[in-house]
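Listed below, chain by chain, are the residues.
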Amino acid sequence: MARIVMKFGGTSMAGVERIRAVAERVKREVEAGNQVAVVVSAMAGETDRLVSFCREVSPLYDPREYDVVVASGEQVTSGLLAISLQAIGVKARSFMGWQLPIRTSDGHGSARIAEIDTATLDAALGDGQVAVIPGFQGVAAGERVTTLGRGGSDTSAVAVAAAMKADRCDIYTDVDGVYTTDPRIVPRARKLKKITFEEMLELASVGAKVLQTRSVGLAMKENVRLQVLTSFEDKPGTLIVSDDEIEEDMERQFITGIAHDKNEAKITLTDVPDRPGAVASIFAPLADGNINVDMIVQNIAHDTGSTDVTFTVPAAELARSLDLLEKARETIGYARLVHDTNVAKITIVGVGMRSHAGVAAKMFKTLGDRGINIQAITTSEIKVSVLIEEDYTELAVRVLHTAYGLDAEVAA
């Protein structure tokens, strides 16, 4: 007997017929002799609808009441799935975040899970029940409902799987696995059978939309085996596991995947004084404003004793970043502030980079041969990211996918 957590996203729960289909899928796992807990998202589009209500009532809403409103979407789908399971002869019961309980911090709208008491959950599973749990929600001190932030249901599922020591956490979504890149850009992209936590975390952080970054980080920390698969077809998915589970394979590609992100904005400050502490004066106000800075390039100092500093921020944070930097202009001492939103970040990821030389050089040459200029570069042990003009995004992904031998023999 295995313990399995099954998580279903908003598209899987979008309407009664789809919820019934989910119930049938859950029933098959129960009939296979497994103990099953199910974590559900709200119906597709429902959270956006609830958020819009809050903003319409008051742009300066109380975050505690916001959580009460937006957490209701998952409460509806958990109850409907429990009813659907009961209707087909499966013992099932829904459990709200406060009923288990799932204890969180009091950061309303972006709470973090502190602990999950599994006594109630263990009792239900031991009694042969399917426990249906609304994702995205928990309870803080004072028994106030909290939510985990957008995409938080994936994190809920991983946390539940870790707490109940599940053998696997299956994430059902509208894609049938993790691909080497976006199949809409590269029809010959290949679905991966397995990928490491570290690779998936890097891909998620640089634009791949398959899984939420927090959930992958938690799975890696707690060593929870994940599987990404679709709820619309009976097809094998992609396993996300530790390095130890991926056998050494001479045929394994040293580049696992290529991601792209067009939600970047580039900012350049010209003639910044070239002195100790100057760069800190640029990024301190951004840090105080909770704005994440990604790529950073400091040019060679000018003869005038100044330098130019270029960096990127999320495009959604550009206006606020410019405002903060303008207010700090006297402290920083820059001459001009230039920004550009016509940029995209292209990233190659693979644990094989640790043992293969020349990976970055191939990337730079491949792009150069196609006339694609690189504006900034960042690297980690298993990742290389470059900033390019947005108009070249699809071309860059396609030529790199081919250059690293990732193309499948036939289109996906």
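Rules and cut-offs
- Throughout, residues of each chain are indexed from 1 in the direction in which the sequence is written.
- For a predicted model such as this one, the threshold for reporting local features is a pLDDT of at least 70, and the threshold for listing and counting side-chain atom pairs is 80 or more; totals across whole chains, interfaces and linings nevertheless cover every residue.
- The basis for every side-chain value is the complete set of non-hydrogen atoms in the structure, without hydrogens or water.
- Salt bridges are counted wherever a side-chain nitrogen of Lys or Arg sits within 4 Å of a carboxyl oxygen of Asp or Glu.
- A helix here means a DSSP run of H or I that spans at least four residues, while a strand means a run of E at least two residues long, and both kinds are numbered starting from the N terminus.
- Only protein chains enter the accessibility calculation, which uses a 1.4 Å probe. A residue is then buried if its area is under 20% of the maximum for its type, exposed if over 50%, and partly exposed in between.
- A pair of strands is treated as paired once DSSP finds two or more bridges between them.
- Axis definition: a line fitted to C-alpha atoms, limited for helices to the stretch in contact. Angles are taken between N-to-C directions and run from 0 to 180 degrees.
- Note on contacts: a residue pair qualifies if any of its non-hydrogen atoms lie within 4.5 Å across the two residues.
- Definition of nonpolar core: a set of buried residues of the types Ala, Val, Leu, Ile, Met, Phe, Trp, Tyr and Cys, connected through side-chain atoms within 4.5 Å.
- Orientation labels follow simple angle bins: below 35 degrees gives roughly parallel, above 145 gives roughly antiparallel, 65 to 115 gives roughly perpendicular, and whatever is left gives oblique.
- Left-handed describes a crossing in which the near helix is turned anticlockwise from the far one by less than a right angle; the clockwise case is right-handed.
- The nonpolar class holds Ala, Val, Leu, Ile, Met, Phe, Trp, Tyr, Cys and Pro. Asp, Glu, Lys and Arg form the charged class, and all remaining residues, Gly among them, are polar.

This part is about the pattern of salt bridges. All told, the structure shown has 28 salt bridges when counted by the stated rule. Two residues, Glu46 and Arg49, come together in a salt bridge whose shortest N-O distance is 2.8 Å. In this pair, Glu46 and Arg49 are both assigned in helix α2 (residues 46-57), three residues apart and thus about one turn of the helix distant. Classification of Glu46 as partly exposed rests on a relative accessible area of 22%. Here Arg49 falls in the partly exposed class, since its relative accessible area comes to 41%.

Taken together, the four strands give an open sheet; going across it, the order is β15-β16-β14-β17, and neighbouring strands pair in antiparallel fashion. Among the strands making up the open sheet, the edge pair consists of β15 (296-298) and β17 (337-340). Averaged over all pairs of adjacent strands, the angle between their axes in this sheet comes to 15 degrees, without regard to strand direction. Strand direction decides the pairing type here: strand β14 (residues 264-273) and β17, joined by four bridges, are antiparallel. From the neighbouring strand, Ile267 faces β17, where its bridge partner is His339. Where helix α9 (residues 278-288) meets the sheet, it contacts β14, β15 and β16 (306-314), and its direction lies at approximately 25 degrees from that of β16. Sheet contacts for helix α10 (residues 318-327): β14, β16 and β17; angle to β14, the most-contacted strand, approximately 15 degrees.

In a beta sheet, neighbouring strands pair by backbone hydrogen bonds and run either parallel or antiparallel. One open sheet accounts for eight strands, arranged β3-β6-β2-β1-β9-β11-β12-β10; its pairing is mixed. Each of the sheet's edge strands pairs with one partner strand only, and the pair in question is β3 (92-94) and β10 (194-196). In this sheet, adjacent strand axes meet at a mean angle of 20 degrees when their direction is disregarded. Sheet topology note: the β10/strand β12 (residues 238-241) ladder contains three bridges and is parallel. Its bridge partner being in β12, Ile195 is matched across the sheet by Ile240. Sitting on the sheet, helix α5 (residues 119-126) touches β1 (3-8), β2 (35-40) and β6 (130-134), and the angle it makes with β2 is about 125 degrees. Its contacts with the sheet put helix α7 (residues 197-205) on β10 and β12, and the angle it makes with β10 is roughly 80 degrees.

Turning our eyes to something else, we now look at the nonpolar core. As a rule of thumb, soluble globular proteins bury nonpolar side chains together. Grouped together as the largest cluster of nonpolar side chains are 40 residues, with contacts concentrated most on Val5, Leu121 and Met200. Residue assignment for this core shows that the elements contributing at least two residues are β2, α5, β6, α6 (152-163), β9 (168-173), α7, α8 (213-222) and β11 (226-230). At five residues, α6 tops the list of elements feeding residues into this core. When near neighbours in sequence (up to four residues on either side) are disregarded, Met200 contacts Val178, Ile195, Val210, Leu211, Val216 and Ile240. Membership of the second largest hydrophobic core comes to 22 residues, among which are Ala189, Val397, Leu400 and Tyr404.

Looking now at α9. Taken as a whole, α9 has its buried residues at Ala278, Ser281, Ile282, Phe283, Pro285 and Leu286. Buried residues along α9 sit in contact with β14, β15, β16, α10 and α11 (329-332). Among the residues trailing α9, Asn290 stands out with phi positive, at a value near 55 degrees.

This part takes up unusual backbone geometry. Trans peptide bonds make up most of the peptide bonds, and negative phi angles are found at most residues other than glycine. The step from Leu100 to Pro101 runs through a cis peptide bond, and the omega angle for that step is -5 degrees. Secondary-structure assignment places Pro101 in the loop between β3 and β4 (102-104). Non-glycine residue Phe136 carries a positive phi angle of around 80 degrees. Tracing the backbone through its elements, the reader meets Phe136 in the loop between β6 and β7 (137-140). Phi is positive for Asp271, close to 55 degrees, though the residue is something other than glycine. On the secondary structure map, Asp271 appears in strand β14. The partly exposed category is assigned to Asp271, whose relative accessible area is 34%.

Before going further, it helps to spend a moment on the packing of α7 against α8. For the pair α7 and α8, interaxial distance at closest approach is 9 Å and the crossing angle is 165 degrees. It follows from the interaxial angle that α7 and α8 lie roughly antiparallel. For α7 against α8, the interelement crossing comes out left-handed. Together, Phe197, Glu198, Met200, Leu201, Ala204 and Ser205 of α7 and Thr213, Val216, Gly217, Ala219 and Met220 of α8 make up the contact between the two elements. The residue makeup of the contact of α7 with α8, split by class, is seven nonpolar, three polar and one charged.

Shape descriptors only; they carry no functional weight alone.
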